[in-house]
Amino acid sequence: MLRLKLSKQGFKAIKVCFIFLFTVFVLGYFTPILCTALILLLFRDEKRVITDPDSCLPPCDGIVESIKKDIALDSVTENEYKDKKWNKIEIKNGITDIHVCRSPIEGTVKHIYYNPGLSGEQNIFYKKRESLIIVISGKTEIIIEHVSQNSLQSVSCYVKTGDLLKIGQKYANQNLGGYVNMYLPVEHELDVLESQKLISAETVVSKLEKLHNDFLKEIQ
């Protein structure tokens, strides 16, 4: 007896086909126009000017949903990160925001972690909380966690461990939006507030130069 088993990519392709056929059935001839508009919306990009190369900038456009200070990091298993305390900035990258993600600092991609999240079972739109975590090490160490809230959202990552990133350099794309959690060491003084609109590569999240000068004063 022949058994048909699909890969993860196959299931994603079926979901896309299902949505396309449903849209054709509902909208008819307007479907190509809608698809073209959706592609232009999701994959648009624009040139950004680095406002302050000595600062930590947002990895994506979006709204600051919450700020949590002095918390533990549970999503990474290595002790070098779990034993530290972090300031967490939760950013909502909405469907109308530009989905291109840029490096918040200049540094090396130290680690990349992938968490498949929860299984979907019978609901193809199940909120599975799939996540991709990237650790960038430079003047400081920044941890960026991309979280997909449903099976349509995903992250296209362009980099690998060991790659050197310039500040503002593109490293990923948030397909259909999602949440981006940014973890900074607790000694960082944050220059953003909850509900604030962030622009990647332009809004200053924390001034690294001030952090560096404070460190020099402590060791003198």
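The notes below deal with the structure included here. What you are looking at is a predicted structure, and each value in this text was computed from that prediction instead of being measured. Residue numbers restart at each chain and count upward from 1, following the sequence in its written direction. Given that the model is predicted, a residue must reach a pLDDT of at least 70 before its local features are reported, and side-chain atom pairs must reach 80 or more before they are shown or counted; all residues, however, enter totals for whole chains, interfaces and linings. Only hydrogens and water are removed before side-chain values are computed, so all heavy atoms of the structure are retained for them.

## Thoughts on the nonpolar core
Our working rule: Buried residues of nine kinds, namely Ala, Val, Leu, Ile, Met, Phe, Trp, Tyr and Cys, make up a nonpolar core once their side-chain atoms join them within 4.5 Å. Accessible area is worked out with a 1.4 Å probe on protein chains only. A residue is then buried under 20% of its type maximum, exposed over 50%, and partly exposed in between. Counting from the N terminus, the helices are DSSP H or I runs at least four residues long and the strands are E runs at least two residues long. Pairs of residues are marked as contacts when any of their non-hydrogen atoms sit within 4.5 Å.
Counting residues in each nonpolar core, the largest one holds 26 residues, and the members touching the most others are Cys56, Ile89, Ile142, Tyr171, Met182, Leu184 and Val205. Those elements that provide at least two residues to this core are strand E2 (62–71), strand E3 (86–93), strand E6 (130–138), strand E7 (141–148), strand E10 (170–175) and strand E11 (178–185). Not counting residues within four places of it along the chain, the set of residues in contact with methionine 182 comprises Cys56, Leu57, Pro58, Pro59, Asn87, Lys88, Ile89, Pro104, Ile142, Ile143 and Val205. Val76, Tyr113, Ile133 and Tyr183 belong to the second-largest nonpolar core, a separate cluster that totals 9 residues.

## Quick notes on the sheet that holds E2
The line we're drawing: Two strands form a pair only when DSSP identifies at least two bridges running between them.
Strand order in this open sheet of 8 strands is E9-E5-E6-E7-E11-E3-E2-E12, and the pairing throughout is antiparallel. Of all strands in the sheet, those with a lone pairing partner are strand E9 (164–165) and strand E12 (197–198), marking the two edges. Looking at chain direction, E2 and E12 are connected through 2 bridges and run antiparallel. Note on E12: the bridge partner recorded for glycine 62 is leucine 198.

## Focus on the sheet that holds E10
Just so we agree on the cut-off: Note on method: axes are straight lines fitted to C-alpha atoms, helices fitted across the in-contact stretch only, with angles between N-to-C directions ranging 0 to 180 degrees.
Reading across the sheet, the 3 strands line up as E4-E10-E8 and stay open at both edges, with antiparallel pairing between neighbours. Edge positions in the sheet fall to strand E4 (100–102) and strand E8 (154–157), since each of these pairs with one other strand and no more. Sheet twist, expressed as the mean angle between neighbouring strand axes with direction ignored, is 30°. Looking at chain direction, E4 and E10 are connected through 3 bridges and run antiparallel. Pairing of cysteine 101 across the sheet is with alanine 172, part of E10.

## Re the environment of isoleucine 167
Within the secondary structure layout, isoleucine 167 lies in the loop between E9 and E10. It is 9.3 Å that separates the C-alpha atoms of isoleucine 167 and aspartate 54, two residues lying 113 residues apart in sequence. Setting aside residues up to four positions removed in sequence, isoleucine 167 forms contacts with Ile50, Asp52, Pro53, Ser55, Leu57, Ser103, Pro104, Ile105 and Glu106.

## Here we look at unusual backbone geometry
Positive phi is not limited to glycine here, since aspartate 70 has a value of about 55°. Here the phi dihedral of alanine 201 falls at roughly 70°; this positive angle occurs in a residue that is not glycine. Mapping alanine 201 onto the fold places it in the loop between E12 and strand E13 (206–207). Overall, the relative accessible area of 1% leaves alanine 201 in the buried class.

## Regarding the pairing of E10
Extensive coverage of E10 is indicated by the burial of 5 of its 6 residues. Sheet topology places E8 next to E10; 4 bridges connect them, and they run antiparallel. Residue pairing for E10: cysteine 157 is matched across the bridge by alanine 172.

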